[in-house]
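Reading the structure
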Amino acid sequence: QVIMGLKGSGKTKRLIDAINATVAEAQGDVVCIEYGKGLTYDVNYRVRLVNSKEYGINNIDKLKGLLSGLHAGNFDITNVYIDNLYKTIGADRAVGEEFILWCAEFAEANNMKITITVSDDAAGASDAVKAYLV
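Below or above, wherever it landed, is the structure these notes cover. Remember, predicted model here, so these are calculated numbers, not experimental data.

Parameters and conventions
- Residues numbered from 1 in each chain as written.
- Predicted model: local features only at pLDDT ≥ 70, side-chain atom pairs only at ≥ 80, totals over all residues.
- Heavy atoms only, no water.
- Helix = DSSP H or I, 4+ residues; strand = E, 2+ residues; numbered from the N terminus.
- Pairing = 2+ DSSP bridges.
- Axes fitted to C-alpha atoms, helices over the stretch in contact; angles between N-to-C directions.
- Contact = heavy atoms within 4.5 Å.
- Parallel < 35°, antiparallel > 145°, perpendicular 65-115°, else oblique.
- Left-handed = near helix turned anticlockwise from the far one by under 90°.
- Nonpolar A, V, L, I, M, F, W, Y, C, P; charged D, E, K, R; others polar.
- Phe/Tyr/Trp six-rings, centres within 6.5 Å; stacked < 30°, edge-to-face > 60°.
- Buried < 20%, exposed > 50% of the residue type's maximum accessible area, 1.4 Å probe, protein only.
- Lys NZ or Arg CZ within 6 Å of the ring centre and 35° of its normal.

1. Things to note about unusual backbone geometry
At N84, a position not held by glycine, the phi torsion is positive, near 65°. Take N84: it is sitting in the loop between β4 (77-82) and α3 (85-89). A positive phi angle, close to 55°, is found at N111, a residue other than glycine. Relative to the helices and strands, N111 is located in the loop between α4 (93-109) and β5 (113-119).

2. Quick word on the sheet that holds strand β1 (residues 2-5)
Strand order in the open sheet formed by 5 strands is β1-β5-β4-β2-β3, and the pairing between neighbours is parallel. Pairing within the sheet leaves two strands with one partner each, and these edge strands are β1 and β3 (48-51). The mean angle between the axes of side-by-side strands here comes to 15°, regardless of whether they run parallel or antiparallel. Along the sheet, helix α2 (residues 60-73) contacts β2 (29-34), β3 and β4; its crossing angle with β2, the most-contacted strand, is approximately 160°.

3. A closer look at the packing of α2 against α4
Running from amino to carboxyl end, α2 crosses α4 at an angle of 15°, the nearest separation of the two axes being 11 Å. In terms of axis orientation, α2 runs roughly parallel to α4. Handedness of the α2/α4 crossing: right-handed. Together, I60, L63, K64, L67, S68 and H71 of α2 and V95, E98, F99, W102, C103 and F106 of α4 make up the contact between the two elements. Classifying every residue of the contact of α2 with α4 gives 8 nonpolar, 2 polar and 2 charged.

4. A look at the packing of aromatic side chains
This structure, assessed with the given rule, holds 2 aromatic pairs. Plain terms: the ring middles of F99 and W102 are 5.9 Å apart, the flat faces sit at 25° to each other, and that makes the pair stacked. On the criterion of helical spacing, the pair formed by F99 and W102 is a turn pair, its members being 3 residues apart in helix α4. Judged by relative accessible area, which is 0%, F99 ranks as buried. Judged by its relative accessible area of 21%, W102 is partly exposed. A centroid spacing of 4.8 Å and a plane angle of 15° characterise the contact between W102 and F106, whose relative ring orientation is stacked. On the criterion of helical spacing, the pair formed by W102 and F106 is a turn pair, its members being 4 residues apart in helix α4. Among the aromatic residues, ring-to-ring pairing joins F99, W102 and F106 into one connected group. Here the guanidinium or amino end of K53 rests over the ring plane of Y35, the centre of that ring lying 4.8 Å away.

5. What about the pairing of β4?
Where burial is concerned, most of β4 is hidden: 5 out of the 6 residues are buried. In the sheet, β2 pairs with β4 via 5 bridges, with the strands oriented parallel. Looking at the pairing, V31 lines up with V80 of β4. Sheet topology places β4 next to β5; 4 bridges connect them, and they run parallel. Note that in β5 the partner of Y81 across the bridge is T115.

Everything listed is a geometric property; what it means functionally is a separate question.
Structure, rendered in structure tokens:
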């Protein structure tokens, strides 16, 4: 799933609400990858918060590696949330859309849900990505 909108449109608030709702009923582990430490006091303590800056995640390949490593180390992860995709990978729409489509395949293959926030105009998203907008 993708939560897309321009800056100030409430994406992070929607993400926080989704994370906390998921934790309340999750049958597995919930992970949130954030850019910085802005969500520490907003999400339930049972969520595993990962600060992408601490792990040097600054491009699409590193973020794919992080997700793959998290899954390899814990098959009980059912939900992954990624806040602020473009800042995390230091890229724009084309690379972001490639990552979103990769996530869709990865999530399906590994029986998990991945939700991503993207600061961008949803009207400009490709049809492939629009299928994942919430």
